[in-house]
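Residue-level structure breakdown
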Amino acid sequence: MLLLALDTSAAATVALLRDGAAVGRFGSSDTRSHAAGLAPAVQRVLADAGATGKDLDGIVAGVGPGPFTGLRAGLVTARTLAFVWDVPLHGVMSLDALAYDAAYGGTVPAGTDFLVGTDARRGEVYWALYRAPADPGVLPRLLDGPRVDRAPSLPRGVPLVGRAAGLYPEDLHGPADLASADPDAASLGRVAHLRLLAGEPLLGTEPLYLRESDAQVPGPRKRATA
Amino acid sequence: MNTTEPLVLGIESSCDETGVGVVRGTELLTNTVSSSMAEHVRFGGVIPEIASRAHLEAFVPTLRGALEDAGVTLEEIDAIAVTAGPGLSGALMVGVSAAKALAVATGKPLYAINHLVAHVGVGVVGGTFPDGLPENLGALLVSGGHTEILRVGSLADDVELLGSTIDDAAGEAYDKTARILGLGYPGGPAIDRVAREGDPRAIRFPRGLSQPKYLGSAEQPGPHRYDWSFSGVKTAVARSVEQYEAAGLQVPVADIAASFQEAVVDVISAKAVLACTEYGITHLLLGGGVAANRRLRELTGERCAAAGITLTVPAASLCTDNGAMVAALGAQLVMDGAAPSGLGFGTDPGLPVTTVVLPEV
Ligand SMILES: [Zn+2]
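Everything in this summary refers to the structure shown in the same document. Note that the structure is a prediction, hence the values are computed from the model and not measured.

**Comments concerning unusual backbone geometry**
Residue Pro-65 of chain A is bonded to the preceding Gly-64 of chain A through a cis peptide linkage, with omega at 10°. Structurally, Pro-65 of chain A can be placed in the loop between β4 (58-62) and α2 (68-85). Gly-85 of chain B connects to Pro-86 of chain B through a cis peptide bond whose omega is -10°. Among the structural elements, Pro-86 of chain B can be located in the loop between β4 (79-85) and α3 (89-106). Its identity is not glycine, yet Asp-86 of chain A carries a phi of approximately 55°, on the positive side. Inspection of the secondary structure assignment puts Asp-86 of chain A in the loop between α2 and β5 (89-92). One non-glycine residue, Leu-210 of chain A, lies in positive phi territory at about 60°.

**Let's talk about the side chain of Thr-80 of chain A**
Locating Thr-80 of chain A in the fold gives a position in helix α2. Judged by relative accessible area, which is 0%, Thr-80 of chain A ranks as buried. A distance of 2.6 Å separates a polar atom in the side chain of Thr-80 of chain A from the backbone oxygen of Val-76 of chain A. In this structure Thr-80 of chain A touches Phe-59, Val-60, Ala-98, Ala-101 and Leu-102 of chain B, once residues within four positions along its chain are discounted.

**Considerations on α3 of chain B**
Residue and element names in this part refer to chain B. An ideal rise of 1.5 Å per residue puts 26 Å on 18 residues; α3 measures up with 26 Å between its terminal C-alpha atoms. Counting buried residues along α3, 16 of its 18 residues qualify, which places the element largely inside the surrounding structure. Note on α3: the residue one or two positions beyond its end, Gly-107, has a positive phi of about 75°.

**So, the coordination of the zinc ion**
Within the protein, the atoms that donate to the zinc ion are His-115 of chain B (NE2), His-119 of chain B (NE2), His-146 of chain B (NE2) and Asp-321 of chain B (OD), at distances of 2.1 to 2.4 Å. What the four donor atoms of the zinc ion show is an angle range of 89 to 158° at the metal, which sorts the shape as irregular.

**Topic: the layout of surface pockets**
All names here are of chain B. Estimates place the volume of the largest pocket at around 1,100 Å³. Sorting the residues of the lining of the largest pocket by element identifies α4 (115-121), α5 (170-180) and α6 (187-195) as the ones contributing at least two each. Looking at the lining of the largest pocket element by element, the count peaks at five residues for α5. Looking at side-chain class alone, the lining of the largest pocket contains 19 nonpolar, 15 polar and eight charged residues.

**Considerations on the sheet that holds β4 of chain B**
Residues and elements named next belong to chain B. Overall, mixed pairing links the five strands, which are arranged β3-β2-β1-β4-β5 in an open sheet. Single-partner strands in this sheet number two, and they are β3 (27-35) and β5 (110-114). Each neighbouring strand pair of the sheet contributes to a mean axis angle of 20°, computed without reference to strand direction. Of the strand pairs in this sheet, strand β1 (residues 7-12) and β4 are connected by four bridges, and their pairing is parallel. Each bridged residue has a counterpart across the sheet, and for Leu-9 the counterpart in β4 is Ile-80.

**Brief notes about the pairing of β5 of chain B**
Here is the key point about a regular strand: its side chains alternate between the two faces of the sheet. All names here are of chain B. Along β5, five of the five residues are buried, which leaves the element largely enclosed by surrounding structure. Pairing geometry for β4 and β5, over five bridges, is parallel. Opposite Ala-81, over in β5, you have Tyr-111 as the bridge partner. In terms of handedness, the path from β4 via α3 over to β5 forms a crossover that is right-handed.

**Here's the deal with the packing of aromatic side chains**
In this structure the tally under the stated criterion is five aromatic pairs over all chains. With a centroid separation of 5.8 Å and an interplanar angle of 20°, the aromatic rings of Phe-114 of chain A and Tyr-130 of chain A are classed as stacked. One end of the pair, Phe-114 of chain A, is in strand β6 (residues 113-119); the other, Tyr-130 of chain A, is in strand β7 (residues 124-131), and 16 residues separate them in sequence. The exposure class assigned to Tyr-130 of chain A is buried, which follows from its relative accessible area of 1%. Relative to Tyr-279 of chain B, the ring of Tyr-226 of chain B lies with its centre 5.9 Å away and its plane at 70°, an arrangement referred to as edge-to-face. Placement of the pair is Tyr-226 of chain B in the loop between α7 (212-215) and α8 (231-246) and Tyr-279 of chain B in the loop between α9 (253-278) and β9 (283-287), with a sequence separation of 53 residues. Judged by relative accessible area, which is 9%, Tyr-226 of chain B ranks as buried.

**What to know about the interface of chain A and chain B**
The partner chain B presents 37 residues to the 35 residues of chain A that form the contact. Interface area, chain A with chain B, both sides summed: about 3,200 Å², of which 67% is carbon and sulfur. Of the charged contacts, one joins Glu-49 of chain B and Arg-72 of chain A as a salt bridge, the two residues approaching to 2.9 Å between their closest N and O atoms. Summed over the shared surface of chain A and chain B, the number is five residue pairs in polar contact (both at pLDDT 80 or more). Where the side of chain A that touches chain B is concerned, the elements lending two or more residues are α1 (34-48) and α2 of chain A. When residues in the side of chain A that touches chain B are grouped by element, the largest group, 13 residues, is from α2 of chain A. Class assignment for the residues of the side of chain A that touches chain B results in 19 nonpolar, eight polar and eight charged.

Basis of the calculations
Numbering of residues begins from 1 in every chain and follows the order in which that chain's sequence is written. Chains carry letters from A onward and ligands carry numbers from 1 onward, assigned in written order. Totals for whole chains, interfaces and linings use all residues, but because this is a predicted model, local features are given only for residues with pLDDT of at least 70 and pairs of side-chain atoms are given and counted only at 80 or more. Excluded from the side-chain calculation are hydrogens and water; included are all heavy atoms of the structure. Where helices and strands are cited, they refer to DSSP runs of H or I of at least four residues and of E of at least two residues respectively, numbered from the N terminus. A simple rule labels every residue: compare its accessible area, found with a 1.4 Å probe on the protein chains alone, to the largest value its type can have, and call it buried under 20%, exposed over 50%, or partly exposed in between. Polar contacts here mean pairs of N or O atoms no more than 3.5 Å apart (in protein, one a potential hydrogen donor and the other a potential acceptor; neighbouring residues in sequence count only if both atoms are side-chain atoms). Residue contacts are counted whenever heavy atoms from the two residues lie within 4.5 Å of one another. Any helix carries an expected span of 1.5 Å times its number of residues minus one. The donor definition counts N, O and S atoms within 2.8 Å of each metal and applies 3.2 Å to Na, K and Ca; water is not among these atoms, so some sites may look incomplete. Labels for metal geometry use angle windows, namely 85 to 135 degrees for all angles of a four-donor tetrahedral site, and for square planar (four donors) or octahedral (six donors) sites opposite donors over 155 degrees apart plus all others within 65 to 115; sites meeting none of these are irregular. Think of a 1 Å grid over the protein atoms and nothing else: a 1.4 Å probe that fits but is trapped marks a cavity, an open set flanked by protein within 12 Å on at least five of seven lines marks a pocket, and residues with an atom within 4 Å of a point count as lining. Grid points are joined across faces, edges and corners, and a volume is the space filled by probe spheres set on the points. The residue classification treats Ala, Val, Leu, Ile, Met, Phe, Trp, Tyr, Cys and Pro as nonpolar and Asp, Glu, Lys and Arg as charged. All others, Gly included, are polar. Two strands are counted as paired when DSSP detects at least two bridges linking them. Axis angles are defined between N-to-C directions and span 0 to 180 degrees, where every axis is a line fitted to C-alpha atoms and, for a helix, only to the segment in contact. For crossovers, right-handed means that the path from the first strand over the helix to the second runs clockwise, given strands pointing away from the viewer. Aromatic pairing here means that ring centres of Phe, Tyr or Trp (its six-membered ring) are within 6.5 Å. Orientation follows from the plane angle: under 30 degrees is stacked, over 60 is edge-to-face, and everything else is tilted. Two parts placed together each lose some accessible area; with a 1.4 Å probe, that loss summed over both constitutes the buried area. We define a salt bridge as a side-chain nitrogen of Lys or Arg found within 4 Å of a carboxyl oxygen belonging to Asp or Glu.

Here it is in structure tokens:
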């Protein structure tokens, strides 16, 4: 099974996976250059593997939560590629990629609860609560979330993996090796691959903004002559 | 690639319209647009984040609709063009990301083009100028996002900005004034409608940047000879309304609307005709969403006629933001032998008109 995975919820990452193993990968930590770098990265990753879009069995997109502009760049890219190549399109919640990394890397003990948290900017964290699987080969189970909150209001006494731990060390604690990690397309693709193998449903590609736009309905007219 | 009658697909997402157009040379095959305007009504103006969200949802359906309407397939397309700027940053990002994905998936060359020049480029399709763009051409672009006067020597490589607004766009001034007068959104049609019942000479609202110190003379132009400012007239309207209210009088909404419109249209057309006269422009294209305004067309038409300038206004669907204008300019660039932009370019919310197409990076 050949899957192309994209995640732009934090960094911009692209991965090509053959039967769950990454055969090509691109990552940029520059969140502002999502639109500039994403499509060329897809082109390069496919060309390096000697594959074309028509060979794909599916495209997997991280649906956030994440800062809006970057998230949209990834989703419109994934939707357009899937439309033109006429391949199935799947969504995966981006925090699932980090949860996968934590559970499969053995960073969190089997059967225990843990949090995943990323940078939501404005002093807030995108987070979700997971339980690590007791058996290998099973994905972590999502218990709560995703949500967006200030760091001090996250559940206490549960280790947190992801960049939020590095950003808010006073409030959030977790394994040091994942304290500055962002969701990665290769892990996102593995999550999708395992779900597809297990016959589990995946998400659509509706973005998880978790916040309304900042727009305010105008109040009464302000006086021009103060 | 066919460079005599190239089949070009154009993508527009700089404001609140998601547009996909297809042209073959100078023949318009489709102008498919999805607008988020209705979602902005309760805010009284375009909300960039809401427009950007709408672009994401509208893009693939609009693309599919455009291909069906044009009766062409992506394999047949010779090139893709996309608005890279100027416009709203987050909104541009959706169209540019989509266009790059489309270019990667189809292997077609991509041209990242200037939105303002595309407003002029639309003149080559849809029967606006059946014999091609005339010589000594200028363009007056008036919308919710821009107010500019351009000199157009060649669409491909000779466009000059002669003047522009230094604050609000004219359409924005209409929206804000309509809100002050409680007339709803979008403000242009609302004010135009009410203004018909009012006296345009009832109140003398300011014509921004019209004092001699800004205008100067033809020989020694002032700093804003062909520029506009609309923040003053909006404030003057607010003050006028407050004075009526403070005096316990009924606000003469129709007279204020008519007087506001007269002030805006007077200064737009006067400065545009001044620029045309001094730059030897003999044909003027009026574009942008506000080109539909009755009084703007009337007064600009009168003044152009008096100055020996031929005024041309494209069909309304080609004046508002759309993908056909992007495709039309893209086709002109292909026919002119311009190099495509590659995939490495970024969006530029402040792209100057001197950059018609972004170079490869
Ligand atoms: Zn425009």
